[in-house]
Amino acid sequence: MLSYSFYMLTAVAALLVTCHALCKCPGPGLSGRDGLKGQPHPPRLSDSQDTKFYDVLVNLKHRLSRLEGVLALKEKIREVGEKMLASNGKRVDFASALQSCEEAGGTLATPTNEEENKAILGIVKQYNQYAYLGIKEGEISGQFKNINGMPLNYTNWHRYEPNGKGKEKCVEMYTDGSWNDKKCNQYRLTICEF
């Protein structure tokens, strides 16, 4: 007669063979192929380094806020909505004005609503000079667009403007806030938006 141990050992062996065959065994199974390697995790900053970076960030934010305040007090910048407007006070042609703004990290000021138009007008009045806007005539005569190619959703044309009929491709703002189409080689005030 077979011993109890033999029956138990046979039962466990049968269970393991079935378990491995179905890959539903508890515990480690057979080794499989290596998976794809993931991106290495950047090293975590220590708490002291994390605190230092946070302090530097807070300090920079505070200094930037103070600088904006000083410039606003000196009427060098104006804030309107999400935009900041600034002028270097220089009168140049359209291409030079655009280049100057882009080199500073912005573009020519382009009002998209009455509030922005009034803010740009404030700078125009401050310098008492007409200013280029970030608007140009498209391929179709009389159809003006933002310099990024998007159609205008706001206009403030002076009476009987635009009237250049394809010969005046740029847009200037008068000292009353109205707009006029103008040749791009004229010297006008540079106002940038950021």
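The notes below deal with the structure included here. Being a predicted model, the structure only gives us computed values, none of them experimental.

Digging into helix α3 (residues 94-103)
At step 1: Here α3 has its buried residues at Phe94, Ala97, Leu98 and Cys101. Angular distribution of buried residues about the axis of α3 spans 95°; they occupy a single face of the element. Set apart from the buried face of α3 by more than 90 degrees, the exposed residues are Ala95 and Glu103.
At step 2: Of the surrounding elements, those touching the buried residues of α3 are β2 (83-92), β3 (107-108), β4 (131-137), β6 (170-173) and β8 (188-193).
At step 3: The distance from a side-chain oxygen at the start of α3 to the backbone nitrogen of alanine 95 is 3.3 Å, and the residue carrying that oxygen is aspartate 93.

So, the nonpolar core
At step 1: Within the largest apolar cluster, 18 residues are counted, with the highest numbers of intra-cluster contacts made by Leu85, Ile120, Val124, Leu133, Met173, Trp179 and Ile191.
At step 2: In terms of residues, this core owes the most to one element, helix α4 (residues 114-127), which gives five residues.
At step 3: Discounting residues that sit within four places of it in the chain, isoleucine 191 has contacts with Ala86, Ser87, Cys101, Thr107, Leu108, Ala109, Ile120, Ile123, Val124 and Ala131.
At step 4: Of all hydrophobic cores here, the second largest spans nine residues; its members include Val92, Cys101, Leu108 and Cys170.

Rules of the game
- Residues numbered from 1 in each chain as written.
- Predicted model: local features only at pLDDT ≥ 70, side-chain atom pairs only at ≥ 80, totals over all residues.
- Heavy atoms only, no water.
- Buried < 20%, exposed > 50% of the residue type's maximum accessible area, 1.4 Å probe, protein only.
- Helix = DSSP H or I, 4+ residues; strand = E, 2+ residues; numbered from the N terminus.
- Arc of directions from axis to C-beta.
- Contact = heavy atoms within 4.5 Å.
- Polar contact = N/O pair within 3.5 Å; in protein donor to acceptor, adjacent residues only side chain to side chain.
- Core = buried A, V, L, I, M, F, W, Y, C linked by side-chain atoms within 4.5 Å.

Geometric descriptors of this kind do not, in isolation, establish any biological role.
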